[in-house]
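# Secondary and tertiary structure notes
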Amino acid sequence: MRGHTLTWLGAALALVFLLAGTGEAHGGQYTGPKPGGVGTPRRGPTGAPRGGGVTAGLTPSWRDWWDRNREEFFNVLARRQSKADPATPEEEQNEGASALFQPLTEEELRTLVRPLIVAALADKSAEVRDAAAIALGRAGAIPQLEALKVALKDSRKSVREAATLGIALLHHPMAEQVLVDRLTQTDLGHRERGITALALGLSGGKRAFKALTDRLGKDGALRRVSRAKAREVEGARVYALGLIGTDAARAAITSALSSHSTKDSTFIPMALTALAHCGDPSSAGDVFRYLGHKKREIRRSAAIAAGRVATKKDKKWVQLLVRRQASEKDMLARNFMLFSLGRIGGDQAVKTLRSVFRKDRQRAARAVAAVALGIARATTEIPALRKAVTAGKDETLRGAAAIALGIMGDRAAARDILKVLDGTGNPALQADLVTALGMLEAEEAGPAVRTLIARARNGRLVQACGYYLAVAGDSESIDLLLSLLEKSGSIQVKGGVATALGRSHDGRAAKRLASIVESARSTDQTRAFAIVALGLIADRVPISDFARVSIDSNYALQNADALREVIDIF
């Protein structure tokens, strides 16, 4: 389905993560969900490690949802900054972690990181150029616009697309104008046009809004392509308006939604998830009327949006959501409904989630309900969730319960979670348990996590360990992660390490990463992942731009190549 030809590295990443379950990788072609909700990756010949996301191997598992929404609940940078913030109450500060955390300095950014990434844009390796284009957007400023404009003419489509997104990350009117001009190019393919639209949404200025709303639904530049491809582009445009998220954007989305055929299973799901990003309660009527639609793609997006536009005071909407989830046959749509009940919270939602968690016949639904109880902050369910972690037989449910406890900050559960970690060899469960321990900032888990990451071969597990070590401010973790990046022959490990190093936002790694990029002994694969890490370290926004695309996305949506590509980068 995906028109993008990825490099061998991207395809390999998608394949290994399909075999391992869900994870963090860039690459692979996704065919869309089959009747059972599962998609399969196709191998492509070319691609690059742009930044760490995945759509390969989609299942109805709660982990698919978590991997795309995690940053909302487990944001390493926010935790590190709060520890170093003198306004934080003394009893909440971790002196060891705040003392060890060293942000990248402006001088390092100006004299080391930016010049290195600009040079990498001219590298002979497409993997390196691809990674550099995204990294420069994250680390750069308006003087780097010219280098990214040159990359827009690269012979490799993946590099051009990465440069488009990199330009958006500069968040400057001059950069935005480049994207506006690019959106109107008549020779641009529908996929690149869709990514350009999403880039304008990430940029989010006045020029972006005007370009995205101009003749929305009537794109004359697409007359030579099929109607299906035109709908994909229009879907990307309306989704981009949701990323802007202003009242004016919401009004434009609502207007476009009302003017489209109710059978359009490409544009309508994108418009509904755009309304989710706006989060305006006045959109509830527009969202809930699609909750019982015949097409599952539309129901899925309506289910996602329901959790953002309804509140626990809206008893009518909550009751409707409860009824719909009970009769929903599509597992992903039902999952999204359960997660939305968790977001809404309140007595009625918690009562329903409790029943699903304890009694439902579908194991996948029980695990989703466990996580949703954590999101709802249902502290009355803490004993049952602890029991599920310590005594449960279903390892998927055990992991979900641990994540729920982590979200709720149940520090007293850390000892039990650590005990389970010591007794399991399942990498998927280990990743969940380590993530929960990271959210709980359980310092006593440090030795176990360092031992685990040193021998791990699963990228999702490596990343979870890296996140834990970053939150803990472990002084040994940076050297350990850098050693793994250089010496490991596993693509999974390199990808997990790069993301973990980057999300730590710790400047102590910058010089070593720069030496890896410049070393003649480093493989192109290692150099590209080092650039990914540098870009992430330099990115200082509390929630990453790509996370804004990924959170509350309908990542299973068919005919949305541009959207899935941007989610992959996250």
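First, a word on scope: everything that follows refers to the structure included in this document. (Residues numbered from 1 in each chain as written. Predicted model: local features only at pLDDT ≥ 70, side-chain atom pairs only at ≥ 80, totals over all residues. Heavy atoms only, no water.)

On inspection of all chains with the given rule, the structure shows 36 salt bridges. Notably, a salt bridge pairs Arg299 with Glu328, separated by 2.8 Å at the nearest N-O pair. Highlighted residues: Arg299 in helix H16 (residues 296-309) and Glu328 in the loop between helix H17 (315-327) and helix H18 (331-344), separated in sequence by 29 residues. With relative accessibility at 12%, the residue Glu328 sits in the buried group. Across the pair Asp545 and Arg548 runs a salt bridge whose closest N-O atoms are separated by 3.4 Å. You can see Asp545 and its partner Arg548 sitting in helix H31 (residues 545-550), three residues apart, about one turn around the helix. Salt bridges here are not isolated pairs; linked through shared partners, they connect Arg63, Asp67, Arg70, Asp432 and Arg460. (Salt bridge = Lys/Arg side-chain N within 4 Å of Asp/Glu carboxyl O. Helix = DSSP H or I, 4+ residues; strand = E, 2+ residues; numbered from the N terminus. Buried < 20%, exposed > 50% of the residue type's maximum accessible area, 1.4 Å probe, protein only.)

Here we take up the side chain of Glu328. A distance of 2.8 Å separates the side chain of Glu328 from the side chain of Arg299, its partner in a polar contact. With residues near it in sequence (within four places) discarded, Glu328 still touches Arg299, Ala333, Arg334 and Met337. (Polar contact = N/O pair within 3.5 Å; in protein donor to acceptor, adjacent residues only side chain to side chain. Contact = heavy atoms within 4.5 Å.)

This brings us to the environment of Arg398. Mapped onto the fold, Arg398 is located in helix H22 (residues 395-408). Classification of Arg398 by relative accessible area gives buried; the value is 13%. In this structure the C-alpha to C-alpha distance between Arg398 and Leu433, which are 35 residues apart in sequence, comes to 8.7 Å. Among all residues touching Arg398, those that are not within four sequence positions of it are Ala388, Val389, Thr390, Gly392, Val420 and Leu429.

What follows covers the packing of aromatic side chains. Within the structure shown, the criterion is met by six aromatic pairs. Arranged with centres 3.8 Å apart and planes meeting at 10°, the rings of Trp65 and Phe339 form a pair that is stacked. Placement of Trp65 in helix H2 (residues 62-73) and of Phe339 in helix H18 is noted, with a sequence separation of 274 residues between them. Its relative accessible area of 4% is what places Trp65 among the buried residues. Put simply, the rings of Trp65, Trp66, Phe73 and Phe339 pair up and form one aromatic cluster. (Phe/Tyr/Trp six-rings, centres within 6.5 Å; stacked < 30°, edge-to-face > 60°.)

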